[in-house]
Every structure is written in C-alpha cells, then in structure tokens.
Amino acid sequence: MNRAVTRAGRRRGARVRAALLALGLLALGGAQARTVKIVSADTLELRQVDGQELVVISGENVELRVDDDVVRAKRVEFNRTRRTLTLIGAASYRSAKDGEDLRGENLVVELGKEQVSGEDVLISDARLEIRGQEVDRIPGQLRATGGYFTTCARCGRTPNDYAFRAERLIVYPGDRLVAYNAQLLLADIPVLFLPVLVLPLNDRDRQPRLEVGRDAVDGLTVLADLPFSVGGNTLGTTRLRYYQNRTPSVGAGVTLRSYAPVPFVDRVDLDLLAEPRPVGQEGRDVNLEFRVRGRVPLALAVRDLDYTLNVTRRDIGRSATDPERGVTNVDLGVRAEYPLFSAAFNYVDRFGPAPTSALYTPLKRPEVVVDPKPYTNGPLSADVKLTAGNYTAASNPRSPSAAAQGVNITTSRLEEQHSLAYTVKPWTDADLSLSNTFTGRYYGTGARTVQLDLTGTLTQRWAGSNSVSLTAKYLRTEGTSPFAFDALPGRLLSAPVTLNVSTVPARDVSFGVSYTRDLFLSSDQQGNAIFSLGVNRRPLSLSASTQVNLDKRSLEDVSFSATLADPDSRKVTVTPAQPATATAPARPATATRTSAWPAPNLSLSASGGYARATGPKPLTVTAAVTGDVRSNNFSVAVTHNVRTPEITSVGVRYSLTRTQDTVLNALTVSGNETLNPVTGLLTGSHRVLWRGQYEFQTSHSLLLARPDSATSSGTVDFSVGTASGSLNSWSVRYGGAYDLRRGGFTAPQLSASLNLTRTGQTLAVAAVLNTPGLDQRRTELARAELSGAAQFGSRFWVSGRALYTRTRSGTYPDDVATDTLQLSPLRVNLGLGRAGERPGAYLTGTLSQNFTWVDGVRQTPGPLTPVIGLTIDRCCWALQAEADLLNRRYRVAVGLPGQTGYPLFELTPDGARIPLIPTLP
C-alpha cells in the first residue's frame, strides 16, 4: 500500500514539474530582445516581491539557453521586471559568440544589455585564462579588477612560464587585452612593472602594421595601420598612406566597429579610406562601407522593429572612365510585425553620376510593403499583400513608350496580390475546391499588368479506389510593364478543362484516362487524351500508356514495359480446414500458389513503343536468371531498332558469389559485356574478388573493325591487387592501347604500387615501366615515386618524398631522354627534452633539390640545399630559428598562441633586416 502511494506521489510530482516547466517556458518568453529557454530543471516557482515578478528555477543540474549562450547552475532567479538572471552559488556562463567560459559565484546576467557580472570569476577561452575579483562582461568588452591572466594555463605546467597580475583589465575579445599597473611574472616571480600593457589577441584586422617600400612609379611608399579604441564599446584602426610621386601624396582612413553605441543601435561598422589617385591624376579616390543595424521596441508589435542601413562607395582601383566611379549606393530596410499584419520600408538609391547603363537591380525611392496575416474562416482562407513605391530600373524593350525614355525609366508602381481558397464537401465522397490567385501591377505611366488564375476542382470517389475529377481553370496574363525586372513573359488567355478518371476494374488492374481541352484553342491545337493501364498480377507486371488525338482520331504515341517473373511461384500457402459452425458449413484445407509461372528463378522483360512522328521505338528484350542466393544472377539484353531494322546492342551481365563458407571460400565473380553490331564497339569489364580483400580486374574498349587511319583498336587493361579502401594495399597493372589487326599492344605499360600503414609509419611506392610493344621498342622506367614517414617513439621521426620521371623527345632511335629527380623535401625531426616528458624543443633538417639529366649528362650541377631549423615549443610561446646554409640566410621568429610567428630579424648576404626598423630596398 505504501509503495503504491509513493509511486502515485512520484507520478503526481512528475506531472507538476512538467506543468511548471511549461509555465516557465511561457514566462521566460517575455525576455524580448533575448530568448531564454529551459533545458533542464526540477522545480519552478512564481513569486511577487516588491512589485517585481520573479521566476525561481532550481534543481540538481539547471541548464538554460540564452539565445546561443549556455547557463548552468543549481538555482537561478529570473527577474522578469528588471530582465535579469541571478545565478545563485557556483555557476557558469558559456558565451557562444566569443567562445568564453565564465565561472564564479553569484553571477548576474542582464538580458537587456547582454551583460554578465560577478565576483571571484574565472574566464577562459581558447587562448587566455583570467581570474578577477570582480568581473563585468558587456558586448565587445570584458572588465576585471584585481586580475591575474596568462596564456599558459592550458599547457599543464606549474608554475606558468609567464603571467601578469594587474589592478584592472580590459579584454576586447579577438582583439587585445589592456592591463593597467601590471606586473610581469616569470614562473610566478615578479620581474617587471609596467604602467600599461597591451597584448594582441591575434585578430589580423586589429594588428598594427607598418610597411615601407619603394616603387618605380610611386617612389617611396609608407602604409601604416594603427589600432585604437573609443570608450568601452568601439574599436577602430587609423589608416595612413603616403605615395611620394602622387598628387596629393597623403591619404588617410579609418575603420570602426562599435557595439551598442547608443540606444536602439546594435552594431555600427565603418570602413573609410581616401587614397591619392594614381600617378598622372590629381585628387583622391574614396572607398566607403558604412553599416548600421539595430532594433526599436514597439509597444503593440510581435517583436522589435529591426532595421539595417548600408552605404557603399568604391572608387579605388577604378579607371577614370568607369561609370561607377563616384557612385554611392544606399540600402535601407525596416521591418515590423504586428499581430494582424507585417510591414516593411525599403529605400535603395544611388548618388553621383547618372547611370549610363541599364539598372537591372531596381532603385526603390522608396518602397512600402504591407502584408496582412492570412484570414481563415471555416473552409474559406484569404491572403493579401500590397506593395507601393517609386522605382528606377531598366526599361522594358517590349514597351515602346518605356524604351523611348532611355535605357532606364522612373515611375511609381502599386502591386496588389491576393490568394483566395474555398474547400467544401458538397455530398458524400465528393470534394469541391475553388481558388483564385491574382497579381495586379499598376504604374504611374498608365500601364498595368494582370496575372489571374481561377481554378475549380470537383472530385467524386466511389468503391474505395475509383475516382473521377473535373478541373476547370481560367488563366489570364496581359499588359506590358515599363520595367524589365517585372516584365511578363507574354500574353496568355487560356481556359483548360481537365478530366481525370482512375479506376480499378479488376483485382490487381488499374486503368486511367486524362484529357485536357482548352476552350480558347482551336481543334488542331488541343492536346492528346492519355490512357494508362497497369497490371500487377503475378507473374505479369505491365505498365502501358497511349496518347490519342481525339480531334484527328489518330494514335500519337504508345509505350509499354512488361515483365514476367515470380520468385515465389514454388511456394505453397496452406489454409487449414475450418470445422462447421452454427452459421457456416465446414471448409476443407486448401493449398494455393502465387502464380503458375514455371520458373521462379527466371524473369523476362520487354519494353518498346510506337510514335506516329518517328514510327516504332527500339524494342529491348531482357532475360535474367537469379540463383538461390539473390547475389547470383545472369542476364542477357538485346535492343533491336525496329525501324532500320537491325540489332543495335547485345549485352551480358553476371554476378556470382560462392557462399558455402563466407570466410574461407568467399569468392565473387562479376562482369559485363556490351556489343554494338552496327559500330563494332565491344566494351566490358570483369572482376574476381577473393575473401573481400584481393581482386583481379580486366577491362577493355575495342573497335572490332578499326579505321585505317587509327594506330590501335582501343585499350585493354589487366590488374591484380587488394580491394580499394584497404589499409595496406598493393596493385600491379599491365595494359594500354591494343591493336586487333596487328594482334598486340602498341605501347604497353607495367605499373605497380604499394602502400603500407602502421602506427606512426607510412610508406608509399609506385613505379611505371614502359615495356616493348608494336610501336614502342624500349624497356625503361618512366616514373618512380617513393614517399613515407616514420616516427620512432616521441623524439625522432623522418619524412620525405622522391620522384623520378623520364621523358623522350625526338624520333626513335635518335630520341633523347630527359631524367628528373625531385627531392621535395626530405625532412628529419628530433625532439629534445627530459625523458618521460613532452619534448620542449625540436631540431629539424630538410633537404630540397631538383636534379636533371639530358641524355645522361647532369645539367646545372650544384650542391644540395640543406636547411636546419630549431623550434623551442613551450605551448604558450615558441621560438623558431632557421638556417639556410647554401643561401646563407638566417631567420629568428617568436610566436604567441594563435600566431604563426612574428619575425625578430633576418640575416642575408645583402644585409640584416629587423621588422621594427624598416629599411628601403
């Protein structure tokens, strides 16, 4: 009894929790700008505290989704009035956009400002780990006081190689970290005090850049990009340009990226550059990209009004005669949605020189769209949409009045679209549907276009699978638009009436009739009546269709496909005897078969037809035999061109599998042959597969009677090896062009390949050998390739690739051989460090060289080009040194997390180059 009560109580508790979760989803839906969803929780409570509505979410593992961000805690208080989430106790907040994890006590999430704050918080992402006594996170910025940060936390070493302690931190995700009153810690020991420290986070667009060079046309050139920030939500870069020989010589620009700078603005992007025009021209070219997007709350709207503004201008790189030079494009879009309708305002325009070519993308000056929500009342539904605006676009060449205005025309346009539908059942087993679709456009020039579609369908069903339907349509398209972008394809006036009949006159037999007649077309323009027949009664499967022109009383087309087959014809189904009952007499046992087809493993099929315009269609007859195992089959297909008459194709296809023992005797043989007696082309392929691992293949494509001008009849190939996809594979192939008339290969090749793969080791060997043939006299190696890699423990590994090729020029026997050997590259790597630990340094040696011999004589002899490299890898920083001994070039670079390496200096025979001290070439 107690157990039953306990189980009932648990069920009631589960129902209560489910109801609370559903209520919580409705409550959290009021988050307006951000959407909060409950993924998992145990209980929800609704409270009223000091006039504020609270939703308390608790459980062992509470998980919420704030848009794409993830919140995990054991207790969450959602203040719907202030739109805040308070995570009680230890909790975490995962930012999907920035890839940051925030862990701390009593985190507070402000949904309206997209801000997170808390105490004793740990922040980590792919590169940094930050600890702060107090942390505030807002879009585009993260602030911490009493902070400690390092890029070495993920390396697993204690203590960290380097770290920083600062009174105040500001992090711009993906851009940089700014620390005030910072201490540099090496192995957690303070070694240096810095009033301000700026650490780039490897966003390439936010890296300082200074390039100095000299150009034959521009003379001395200086390009400088200097990042900066404005306030806590705006990042920018100053762009300076100097060209000695241009007039003027100085150019400047700025890029800005601002997050929520003012209310109702979510994001602002600006990219502006004014650059001196090329030598010989005066003035500056301007590139401008300005983008704004935001949202404005509306009291009665379903969601916030959202808007986007794009302003673009691109002059740099355009020629002086380019018609797009000096053109500024503006694109403004505003969207709003209310319970009863949605509305949009679009403004698309261009400022600058008047267009001289056709504008196939229309300018909207402006455009207003009103789209009421669909109306439904029982079987009736209606949907209406209105669009009005003033447009400038390419003229429609089919409109003489528009074409007379020039390549473009400007006028107003009103577009009305509606769709009406009505569905009802007038009587038993009958359906009646009516629909009206209309699009009307009315222009300021007085022109109009109309597209009307009226459709009515009455369907009557009887006896289950039988039906007859009558569809009547009235289609009308008329008018000529002055614009090319909404021009109609042409005039249309049509009233097609379609009759469809689908019946099942007998078991396993279907019959259908379809006929369409257009009331506006003459008798010689009407379509054909289509009669279809289907039979699916074993052993016969038949599908046929016939097209008849009722006005001309002529047979236009006939096609059929028939198959005789019944794989279950030998199976007998026994129905047991039924004893007599009070209402039915006794029935004896019966035995039935699916059909009288005598050969369950044989199938015969045929397809063909007739067309009045071309006569009989090709007739294809196929006979197929299937073994007891379905994978064993043999088929013969013959195609006869009845009109010629002649056989155009004879094909054989087979597949055989031995299945007595799938491990020891798994043998599969498959292949196909096709002969075209008219052209004499014989094609085919055959394959023998043993144990699913080893295969023998042969393929050919031969002309049995080749032209006298050809040197071969086609190709023949033989191969043996492992099946494709094997981890360790090998193959040997022989073949090439073959001449049936002379009875041999003309220029055969023998090729082989071997691929071995083991843990930490790979080896690939391939070679191609030319062998003697009718048109090839020599036996010689044409190509050889060796590549591989091997790792020995965690300290030493080698890799490399060598390729040898031989080509010939000239005529035998005076042709000349050219041999090439490419080493690209051979590499040896050695890890250095303490035994049992991950190597902290790597020593690398590479060898790259090309060798060429012409008629056995080495060309441009010279020494090899070895390059030695040393990499000190400490996970959070790396030092790389490289020495090219032959070219006497030495380079040193340092890399931080996420960076490929920042060069410190480079020494060449021409001198030393230090990136921080630019030198002119």
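These numbers were taken from a predicted model, which means no experiment stands behind them.

**Regarding the overall build of the chain**
Consideration 1: Each helix and strand counted, the chain has 2 helices and 59 strands in total.
Consideration 2: Scaling as 2.2 N^0.38, a compact globule of 921 residues should have a C-alpha radius of gyration of about 29 Å, whereas the chain reaches 41 Å, well beyond that.
Consideration 3: In terms of principal-axis extent, the alpha carbons of the chain reach across some 105 × 95 × 95 Å.

**Thoughts on the pairing of strand S30 (residues 496–506)**
Consideration 1: The pairing of strand S28 (residues 466–479) with S30 spans 6 bridges and is classified as antiparallel. Within S30, the position partnered with Thr471 by the bridge is Thr498.
Consideration 2: Where S30 meets strand S31 (residues 509–518), 9 bridges bridge the pair, whose relative direction is antiparallel. What sits directly across from Leu499, in S31, is Tyr515.
Consideration 3: Where S30 folds back on S31, the antiparallel hairpin that results is connected by 2 residues, among which Asp508 adopts a positive phi of roughly 65 degrees.

**Quick look at the pairing of strand S20 (residues 328–337)**
Consideration 1: In this structure, strand S19 (residues 305–314) lies alongside S20, joined through 8 bridges in antiparallel fashion. Residue pairing for S20: Leu309 is matched across the bridge by Leu332.
Consideration 2: Taking the residues between adjacent antiparallel strands as the criterion, S20 and strand S21 (residues 341–351) are bridged by 3 residues.

**Examining the packing of aromatic side chains**
Consideration 1: Per the stated rule, a full pass over the model turns up 13 aromatic pairs.
Consideration 2: Ring plane angle 65 degrees and centroid distance 5.9 Å describe the contact between Trp797 and Tyr842, whose orientation is recorded as edge-to-face. With Trp797 in strand S51 (residues 796–809) and Tyr842 in strand S53 (residues 841–854), this pair connects stretches of sequence that are 45 residues apart.
Consideration 3: Taking the relative accessible area as the measure of exposure, Trp797 reaches 25% and is therefore partly exposed.
Consideration 4: By way of ring pairs, the aromatic residues Tyr391, Tyr443, Phe483 and Phe485 are connected into one cluster.

**A short note on the side chain of Glu785**
Consideration 1: By the element assignment, Glu785 lies in strand S50 (residues 780–792).
Consideration 2: Among the polar contacts listed, one links the side chain of Glu785 to the side chain of Arg783, at a separation of 3.4 Å.
Consideration 3: For Glu785, the side chain forms a polar contact with the side chain of Arg801, separated by 2.9 Å.
Consideration 4: Setting aside residues no more than four positions away along its own chain, Glu785 makes contact with Ala764, Val765, Ala766, Arg801, Ala802 and Leu803.

**Focus on the nonpolar core**
The nonpolar side chains of soluble globular proteins are, as a tendency, buried together.
Consideration 1: Ile57, Phe149 and Leu177 are the most contacted members of the largest nonpolar core, which has 44 residues in total.
Consideration 2: Aside from chain neighbours lying at most four places away, what touches Phe149 is Leu128, Glu129, Ile130, Ala163, Phe164, Leu169, Leu177, Ala179, Leu197 and Leu199.
Consideration 3: Among the nonpolar cores identified, the runner-up in size contains 7 residues, and Val265, Val292, Val334 and Ala336 belong to it.

**Details of the side chain of His418**
Consideration 1: Counting through the fold element by element, His418 comes out in strand S25 (residues 408–424).
Consideration 2: Judged by relative accessible area, which is 17%, His418 ranks as buried.
Consideration 3: In this structure the side chain of His418 is engaged in a polar contact, spanning 3.0 Å, whose partner is the side chain of Glu416.
Consideration 4: Setting aside its immediate chain neighbours within four residues, His418 contacts Asp383, Val384, Asn436, Thr437 and Phe438.

**A short note on the pattern of salt bridges**
Consideration 1: Counting across every chain of the model gives 51 salt bridges.
Consideration 2: The salt bridge involving Asp315 is made with Arg313; its shortest N-O contact spans 2.8 Å.
Consideration 3: A residue is classified by how much of its surface remains accessible, and Asp315, at 2% relative accessible area, is buried.
Consideration 4: Asp884 is the partner of Arg889 in a salt bridge, and the nearest nitrogen-oxygen pair spans 4.0 Å.
Consideration 5: When its relative accessible area of 32% is taken as the criterion, Arg889 is described as partly exposed.
Consideration 6: Taken together, the shared-partner salt bridges in this structure form one network comprising Arg778, Glu780, Arg806, Arg808, Asp815 and Asp819.

**With respect to unusual backbone geometry**
Phi is mostly negative for residues that are not glycine, and the peptide bonds are mostly trans.
Consideration 1: Residues Arg365 and Pro366 are joined by a peptide bond in cis, for which omega reads -15 degrees.
Consideration 2: Each neighbour pair has its own omega, and for Tyr812 with Pro813 the value is 5 degrees, a cis peptide bond.
Consideration 3: The residue Pro813 is located in the loop between S51 and strand S52 (816–832) in this model.
Consideration 4: The backbone of Asn181 sits at a positive phi, close to 55 degrees, despite the residue not being glycine.
Consideration 5: A relative accessible area of 32% means that Asn181 is categorised as partly exposed.
Consideration 6: At Asp429, a residue that is not glycine, the phi angle is positive and equals roughly 60 degrees.
Consideration 7: Note that Asp429 resides in the loop between S25 and strand S26 (430–443).
Consideration 8: By relative accessible area, which is 42% here, Asp429 ends up partly exposed.

**Observations concerning the environment of Leu470**
Consideration 1: Here Leu470 is to be found in strand S28.
Consideration 2: C-alpha separation for the pair Leu470 and Thr457, spaced 13 residues apart in sequence, amounts to 5.7 Å.
Consideration 3: If sequence neighbours within four positions are ignored, Leu470 has contacts with Gly456, Thr457, Leu458, Val497, Thr498 and Leu499.

**Concerning the environment of Val621**
Consideration 1: On the secondary structure map, Val621 appears in strand S39 (residues 619–626).
Consideration 2: Overall, Val621 belongs to the partly exposed group, its relative accessible area being 43%.
Consideration 3: Separated by 225 residues in sequence, Val621 and Asn396 have C-alpha atoms that sit 55 Å apart.
Consideration 4: Val621 has contacts with Ser605, Ala606, Val636, Ala637 and Val638, leaving out every residue within four places of it along the chain.

**Some thoughts on the environment of Val716**
Consideration 1: Its place among the elements puts Val716 in strand S45 (residues 714–722).
Consideration 2: Using a relative accessible area of 10% as the deciding quantity, one classes Val716 as buried.
Consideration 3: Distance in space between the C-alpha atoms of Val716 and Val49 is 88 Å, their sequence separation being 667 residues.
Consideration 4: Aside from chain neighbours lying at most four places away, what touches Val716 is Ser699, His700, Leu702, Tyr734, Gly735, Gly736, Tyr738 and Phe745.

About the thresholds
Residues numbered from 1 in each chain as written. Predicted model: local features only at pLDDT ≥ 70, side-chain atom pairs only at ≥ 80, totals over all residues. Heavy atoms only, no water. Helix = DSSP H or I, 4+ residues; strand = E, 2+ residues; numbered from the N terminus. Rg over C-alpha atoms; globule rule 2.2 N^0.38 Å. Pairing = 2+ DSSP bridges. Phe/Tyr/Trp six-rings, centres within 6.5 Å; stacked < 30°, edge-to-face > 60°. Buried < 20%, exposed > 50% of the residue type's maximum accessible area, 1.4 Å probe, protein only. Polar contact = N/O pair within 3.5 Å; in protein donor to acceptor, adjacent residues only side chain to side chain. Contact = heavy atoms within 4.5 Å. Core = buried A, V, L, I, M, F, W, Y, C linked by side-chain atoms within 4.5 Å. Salt bridge = Lys/Arg side-chain N within 4 Å of Asp/Glu carboxyl O.

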